[in-house]
Amino acid sequence: MSSTASWIACPDLATARDLAHEFSAIARERRGHDLTHWMTRALDHGPSPVQGFASFLQNDWDAVVNGLTLPWSSGAVEGQVTRIKLIKRRSYGRASFSLLRTLVLAQPP
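These lines cover the structure that appears in this document, whether it is placed above or below. Keep in mind the model is a prediction, meaning the values are calculated, not measured.

Conventions adopted
- Residues numbered from 1 in each chain as written.
- Predicted model: local features only at pLDDT ≥ 70, side-chain atom pairs only at ≥ 80, totals over all residues.
- Heavy atoms only, no water.
- Axes fitted to C-alpha atoms, helices over the stretch in contact; angles between N-to-C directions.
- Helix = DSSP H or I, 4+ residues; strand = E, 2+ residues; numbered from the N terminus.
- Parallel < 35°, antiparallel > 145°, perpendicular 65-115°, else oblique.
- Left-handed = near helix turned anticlockwise from the far one by under 90°.
- Contact = heavy atoms within 4.5 Å.
- Buried < 20%, exposed > 50% of the residue type's maximum accessible area, 1.4 Å probe, protein only.
- Arc of directions from axis to C-beta.
- Core = buried A, V, L, I, M, F, W, Y, C linked by side-chain atoms within 4.5 Å.
- Phe/Tyr/Trp six-rings, centres within 6.5 Å; stacked < 30°, edge-to-face > 60°.
- Salt bridge = Lys/Arg side-chain N within 4 Å of Asp/Glu carboxyl O.

## As for the packing of helix H2 (residues 11-28) against helix H3 (residues 35-45)
Logical step 1: At a closest axis distance of 11 Å, the pairing of H2 and H3 adopts a crossing angle of 165°. Here H2 lies roughly antiparallel to H3, going by the angle between them. Taken as a pair, H2 and H3 cross one another with a handedness that is left-handed. Taken together, the residues of H3 that come into contact with H2 (itself represented by Thr15, Leu19, Glu22, Phe23 and Ile26) are Leu35, His37, Trp38, Arg41, Ala42 and His45.

As structure tokens, then:
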């Protein structure tokens, strides 16, 4: 069976694929304003897992739209937090707070 025939045999799979591609484009191109239209389609016509994802996004709608629209990211902060936690875990039980502070400040970000 060809790949086209498999999409025809399972319309839910085709719908899920189309919605996933559309959501990916919205996220990649920072088109948060298009999310309302996508959400309507996902909730009305999407298969159950896609509907669950869409309803989960509604829990913090403003943050989701801003995250898909605005150019700012907390990635740099999250990277620093991860770096500090790694230093802390390596030194667990062997280092005092002053030594941990020195290690965190001495290593470049």
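## Observations concerning the side chain of Ser91
Logical step 1: Locating Ser91 in the fold gives a position in the loop between helix H6 (75-90) and helix H7 (97-106).
Logical step 2: The residues contacting Ser91, other than those within four sequence positions of it, are Leu100 and Leu103.

## Focus: unusual backbone geometry
Logical step 1: The phi dihedral of Arg30 is positive, around 55°, even though this residue is not glycine.
Logical step 2: Counting through the fold element by element, Arg30 comes out in the loop between H2 and H3.

## A word on H3
Logical step 1: Those residues of H3 not exposed but buried are Leu35, Trp38, Met39 and Ala42. An end-on view of H3 places all buried positions within 100° of arc, on one side of the element. Exposed residues pointing more than 90 degrees away from the buried face of H3 are listed as His37, Asp44 and His45.
Logical step 2: The elements touched by buried residues of H3 are H2, helix H4 (48-57) and helix H5 (61-67).

## A word on the nonpolar core
Logical step 1: Phe23, Leu35, Trp38, Ala42, Val50, Leu57 and Leu68 are the most contacted members of the largest nonpolar core, which totals 14 residues.
Logical step 2: Among the secondary structure elements, those contributing two or more residues to this core are H2, H3, H4 and H5.
Logical step 3: In this structure, Phe23 is in contact with Leu35, Trp38, Phe53, Leu57 and Leu68, ignoring residues within four places of it in sequence.

## A few points about the packing of aromatic side chains
Logical step 1: All told, the structure shown has 3 aromatic pairs when counted by the stated rule.
Logical step 2: Plain terms: the ring middles of Phe23 and Phe53 are 5.3 Å apart, the flat faces sit at 85° to each other, and that makes the pair edge-to-face. Of this pair, Phe23 sits in helix H2 while Phe53 sits in helix H4; the two residues are 30 residues apart in sequence, bridging distant segments of the chain.
Logical step 3: On the basis of an interplanar angle of 80° and a centroid distance of 6.2 Å, the ring pair of Trp38 and Phe53 is categorised as edge-to-face. Residue Trp38 is located in helix H3, and its partner Phe53 is located in helix H4; the two are separated by 15 residues in the primary sequence.

## Structural notes on the pattern of salt bridges
Logical step 1: Here the structure, examined in full by the defined rule, presents 4 salt bridges.
Logical step 2: Between Arg17 and Asp18 there is a salt bridge whose closest N-O contact spans 3.1 Å.
Logical step 3: Under the relative-accessibility criterion, Arg17 is labelled partly exposed at 30%.
Logical step 4: Overall, Asp18 belongs to the partly exposed group, its relative accessible area being 38%.
Logical step 5: Across the pair Arg31 and Asp34 runs a salt bridge, and its minimum N-O distance is 2.7 Å.
Logical step 6: A single network of salt bridges, built from pairs that share partners, joins Glu29, Arg31 and Asp34.

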